Amino acid sequence: MAITDILEFAHLTDEDIESFGRELDAIRRDVEESRGQRDATYIRRTIALQRSLEVGGRLAILCSRWRSAALLGTGLLAASKIIENMELGHNVSHGQWDWMNDPEIHSTSWEWDQTGPSDHWKRAHNYSHHTYTNIVGMDDDIGFGILRMTRDEQWRPINLLQPVANLILALTFEWGIALHDLDASKKERGVDPMQLLSEPNKEFARKVATQVGKDFVFFPALAGPAWRRAIGANLTANVIRNLWAYAVIFCGHFPDGAEKFTMGQFETETHEEWYLRQMLGSANFHAGPTMAFFSGNLCYQIEHHMFPDLPSNRYPEIAERVRQLCDKYDLPYTTGHLPAQYWKALRTIFKLSLPDKWLRRTSDDAPETSSERRFHGPASTVVDRLRFDPVTGRKRGLRSAMQEARREARRAVKAHTPSAP
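Being a predicted model, the structure only gives us computed values, none of them experimental.

Another point: the overall build of the protein. Counting secondary structure elements, the protein contains 17 helices and zero strands. Overall, the C-alpha framework of the protein stretches about 75 × 50 × 50 Å when taken along its three principal axes. Out of the 421 residues belonging to the protein, those deemed buried represent 54%. The contacts of the protein with a sequence gap of at least 6 include a subset with a gap of at least 24, amounting to 71%. For the protein, the exposed surface amounts to about 19,600 Å²; the carbon and sulfur share of it is 60%. Looking at the protein, you have 52 positive and 55 negative side-chain charges, and the mean spots of the two groups are 7 Å apart.

Here we come to the side chain of Asp39. Tracing the chain through its elements places Asp39 in helix H3 (residues 37-63). Using a relative accessible area of 0% as the deciding quantity, one classes Asp39 as buried. Contacts of Asp39, omitting those with residues within four sequence positions, involve Ser34, Trp97, Trp99, Asn313 and Arg314.

Moving on, we get to the confidence of the model for the protein. With 93% of its residues at a pLDDT of 70 or more, the protein shows a mean pLDDT of 91. At the level of individual helices and strands, the protein shows its lowest average pLDDT in helix H16 (residues 380-385), which scores 50, and its highest in helix H13 (residues 301-306), which scores 98.

This part takes up the side chain of Asp364. The residue Asp364 is located in the loop between helix H15 (338-351) and H16 in this model. For the buried Asp364, no salt bridge exists, and the shortest N-O distance to an oppositely charged side chain is 4.4 Å, to Arg373. At 2.9 Å, the side chain of Asp364 forms a polar contact with the side chain of Ser371. Discounting chain neighbours no more than four positions away, the residues touching Asp364 are Met1, Thr369, Ser370, Ser371, Arg373 and Arg374.

This part is about unusual backbone geometry. Excluding glycine, a negative phi dihedral is what most residues carry, and trans is how most peptide bonds are arranged. A positive phi is found at His11, a non-glycine position, where the angle reads about 60°. Structurally, His11 is set in the loop between helix H1 (6-10) and helix H2 (14-34). On the accessibility criterion, His11 (2% relative accessible area) is buried. In the Ramachandran plot, Phe144 falls in the positive-phi region, its phi being about 55° despite a non-glycine side chain. Among the structural elements, Phe144 can be located in the loop between helix H5 (118-131) and helix H6 (162-171).

Below, the discussion takes up H2. Here H2 contains 21 residues, and its C-alpha end-to-end distance of 31 Å stays within 8% of the 30 Å for a straight helix at 1.5 Å per residue. Elements that come into contact with the buried residues of H2 comprise H1, helix H11 (271-280), H13 and helix H14 (315-328).

Here the second largest pocket is characterised by a volume of approximately 500 Å³. If you trace the second largest pocket, you find 22 residues lining it, with Asp140, Ile142, Phe144, Gly145 and Ile146 closest to the centre. Among the elements that make up the lining of the second largest pocket, the one with the highest residue count is helix H7 (residues 173-189) (six residues). Taken together, the residues of the lining of the second largest pocket break down into nine nonpolar, six polar and seven charged.

Let us now look at the pattern of salt bridges. Counted according to the given criterion, the structure contains 28 salt bridges. A salt bridge links Arg51 to Glu104; the shortest N-O distance between them is 2.8 Å. Note that Arg51 is positioned in helix H3 and Glu104 in the loop between helix H4 (67-93) and H5, a separation of 53 residues in sequence. On the basis of relative accessible area, Arg51 is assigned to the partly exposed category, the value being 40%. We note a salt bridge from Arg314 to Glu317, for which the minimum N-O separation is 3.0 Å. Connected via shared salt-bridge partners are Glu54, Arg58, Lys81, Asp113, Lys214 and Asp215.

Calculation rules
- Residues numbered from 1 in each chain as written.
- Predicted model: local features only at pLDDT ≥ 70, side-chain atom pairs only at ≥ 80, totals over all residues.
- Heavy atoms only, no water.
- Helix = DSSP H or I, 4+ residues; strand = E, 2+ residues; numbered from the N terminus.
- Buried < 20%, exposed > 50% of the residue type's maximum accessible area, 1.4 Å probe, protein only.
- Contact = heavy atoms within 4.5 Å.
- Areas by Shrake-Rupley, 256 points an atom, 1.4 Å probe, with all protein chains shown as cover.
- Lys, Arg positive; Asp, Glu negative; His and termini not counted.
- Charge placed at Lys NZ, Arg CZ, Asp CG, Glu CD.
- pLDDT = per-residue confidence, 0-100.
- Salt bridge = Lys/Arg side-chain N within 4 Å of Asp/Glu carboxyl O.
- Polar contact = N/O pair within 3.5 Å; in protein donor to acceptor, adjacent residues only side chain to side chain.
- Expected span 1.5 Å × (residues − 1).
- 1 Å grid on protein atoms, 1.4 Å probe; cavity = no way out; pocket = protein on both sides within 12 Å on 5 of 7 lines; lining within 4 Å.
- Points joined across faces, edges and corners; volume = space filled by probe spheres on them.
- Nonpolar A, V, L, I, M, F, W, Y, C, P; charged D, E, K, R; others polar.

Below, the structure written as structure tokens:
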């Protein structure tokens, strides 16, 4: 099954985890105390850039007679939608800029350029996902209810279709998120799903009418005879935004190394263990400044999960300190190039569409799902001797344990492989 004892899995003692938590609390405190003008300038410039790109893109689409200009306008509009979705809508709604006390840039007032209402998303994401991150049976973001992303979930025949479902989800990601959040909002409020005129349904319908009306009625109407081109440009920009947001989210949540946890782990979890679960349950991908900006700095998904309400422009400096802590406590820091991270997530989607009896690994030692049980049995002696390096006396933890477990597994396979005659 998924991880039931995070300290055993991480090879940390109670003293280790308390020290680990104190150092992360210090990072939070340092960033909170240093927030100021440079951060405010960053977010205001981001808003100005996003709005400029949208105005420029829409003007190029509406007013140009040349196809090349319309294509440029579509690209500008797609870029503006990506920035609004990733760096603004997502991060502002997390309360990252509430400390400014600016009513325009506040989590209670920002409504993003996406099909689902921001309030629905904040209920499903800010609370449920960030509280119960990767806890099987509690975090509905594990596969968004349509994809089987861990062997801890029972296989069903419909899972055979999940490669196709994944493609549809990628193309229509804003709709998938909106419907997922609508369902979560109904559950939270105790609303009967079959009640058509429920308040969540009304909120959803109002937002859909506003969003669809803006992109596919109002602006195409302004285009006059070129209304078809305007519809095509808006549709293309939305699909580009959907594909990029989908890729960023999947690379941060579903590559190998983004671990899953049980409800039992959560029931006894401390504040310090919550930090550890966020770190072990998330993954980063390599990005330069431009890619980081267009990902909403969610290339630093590990840091975002530990500090979801700190300004996103501070994640690079936070990441340096988190990596130092991982080195200090010998913990893995899951990251890689974006194509590699996405390939690992995609491999899981295809692999777990099949029945478990067709798979070689178990939910204790699979690349996409593992638990402390992978260190039990014959490998338990390995765990014991990894507590300290026998030469340097330096504490050794999960990173070394995983490396040693892989070596032990290779040696075991080699020992049982017949030698060539």
